[in-house]
Amino acid sequence: MTARLPLVAILVAALAAAGGCGSGELTVYGASSLKQVLPRVEEGPAYSFAGSDALARQIRDGAPADLFAAASPRYPRELARDGLCESPVPFATNTLAVIVPARGSPVRSFGEFERLEGARLAIGEAAVPVGTYSQEVLDRAGSEAVLERNTVSDEQDAAGVVSKVALGSADAGLAYVTDARAAAGRVRAVRIPASAQPTVVYEACVVRRSGARSDQARAYLERLTGPEGQAALKEAGFGPAPAP
């Protein structure tokens with residue numbers, strides 16, 4: 001005869017099992033340009049990807065993030081300054097490229113991009129890192145007029161720029177080279193001269209909030225900056241973190 005557990009013990013076990021579903025799951029907020037690579041670093045966490053500025057606002061509003069990986073030092077450092085993050089850690093670098101549809105685009109060089117007139121361009125809006133970096137490219141190259149001669153759509157993140165170009169809704173855009181690699185076959189990358197390249201640094205921080213899984217977040221950050229994480233980032237086209 002099978003022994004019967006007391007009803008209280010059964011209820012306690014059931015509640016513990018129910019409460020454990022997802023209760024230990026690390027939540028990582030990442031810049032949209034990291035969407036393809038972060039799950040390769042670690043599959044287990046719950047990921048949320050968007051523009052770094054939007055994610056930072058959500059964290060300020062109390063969103064349940066445990067780790068924040070941004071495409072710019074600005075937002076992790078602002079959160080750390082206000083006591084909402086631990087000290088940020090740089091973990092990768094990137095470069096920008098002009099992206100055009102994989103087929104049919106006449107743009108083969110940065111000079112041809114600069115001379116575009118009457119085209120549709122997809123550029124990150126000023127508040128998001130890819131938009132800030134794109135403006136820096138144009139400033140460095142003396143090419144700001146390309147925005148005046150063409151129709152420009154301001155996108156909320158790097159993924160929006162890639163999507164517009166890949167779908168043919170834009171004739172060209174400015175995005176990270178890693179985005180172009182991830183969308184190979186749908187977009188083609190056109191090299192931007194080194195003299196016009198901005199310094200693109202990615203930083204991550206452990207979020208400070210009630211109930212945060214801080215130890216898990218620190219372990220994730222250690223993996224991200226360690227050999228396995230750096231290998232995954234390199235394979236996706238990212239550069240190494242800048243030397244201290």
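1. A few points about the sheet that holds strand β9 (residues 187-191)
Taking strand neighbours across the sheet as the criterion, the five strands line up as β7-β6-β8-β5-β9 in an open arrangement whose pairing is mixed. Each having just a single partner strand, β7 (151-155) and β9 make up the two edges of the open sheet. On average, each strand axis in the sheet is tilted by 35 degrees relative to the strand beside it, whichever way the strands run. With five bridges connecting them, strand β6 (residues 120-124) and β7 associate as parallel partners. Looking at the pairing, Leu121 lines up with Val152 of β7. Contacts from helix α6 (residues 129-141) reach β5 (96-101), β6 and β8 (172-176) within the one sheet, and its direction differs from that of β8 by about 115 degrees.

2. Digging into the nonpolar core
The biggest cluster of nonpolar side chains holds 47 residues, and the ones touching the most others in it are Leu34, Phe91, Val98, Phe113, Tyr176, Tyr202 and Leu224. What Tyr176 contacts, discounting residues up to four positions off in sequence, is Ser33, Ala71, Asn94, Thr95, Leu96, Pro129, Val130, Tyr133, Ala158, Val200 and Tyr202. Grouped together as the second largest cluster of nonpolar side chains are 14 residues, Tyr29, Leu55, Ala65 and Ala70 included.

3. A word on the sheet that holds strand β3 (residues 67-70)
Pairing between sheet strands relies on hydrogen bonds along the backbone, with the strands arranged either parallel or antiparallel. Reading across the sheet, the five strands line up as β2-β1-β3-β10-β4 and stay open at both edges, with mixed pairing between neighbours. Each having just a single partner strand, β2 (46-50) and β4 (89-94) make up the two edges of the open sheet. Going from strand to strand, the sheet's axes swing by 15 degrees on average, the running direction of each strand aside. In the packing of helix α3 (residues 52-60) onto the sheet, the strands contacted are β1 (27-31), β2 and β3, and the crossing angle to β1 comes to about 145 degrees.

4. What to know about the packing of helix α10 (residues 214-225) against helix α11 (residues 227-235)
Running from amino to carboxyl end, α10 crosses α11 at an angle of 55 degrees, the nearest separation of the two axes being 4 Å. As summarised for this structure, α10 and α11 are arranged oblique, according to the angle between their axes. Within the contact between the two elements, α10 uses Arg223, Leu224 and Thr225 and α11 uses Pro227, Glu228, Gly229, Gln230 and Leu233. Per-class residue counts for the contact of α10 with α11 are three nonpolar, three polar and two charged.

Reading the values: rules and limits
- Residues numbered from 1 in each chain as written.
- Predicted model: local features only at pLDDT ≥ 70, side-chain atom pairs only at ≥ 80, totals over all residues.
- Heavy atoms only, no water.
- Pairing = 2+ DSSP bridges.
- Helix = DSSP H or I, 4+ residues; strand = E, 2+ residues; numbered from the N terminus.
- Axes fitted to C-alpha atoms, helices over the stretch in contact; angles between N-to-C directions.
- Contact = heavy atoms within 4.5 Å.
- Core = buried A, V, L, I, M, F, W, Y, C linked by side-chain atoms within 4.5 Å.
- Buried < 20%, exposed > 50% of the residue type's maximum accessible area, 1.4 Å probe, protein only.
- Parallel < 35°, antiparallel > 145°, perpendicular 65-115°, else oblique.
- Nonpolar A, V, L, I, M, F, W, Y, C, P; charged D, E, K, R; others polar.

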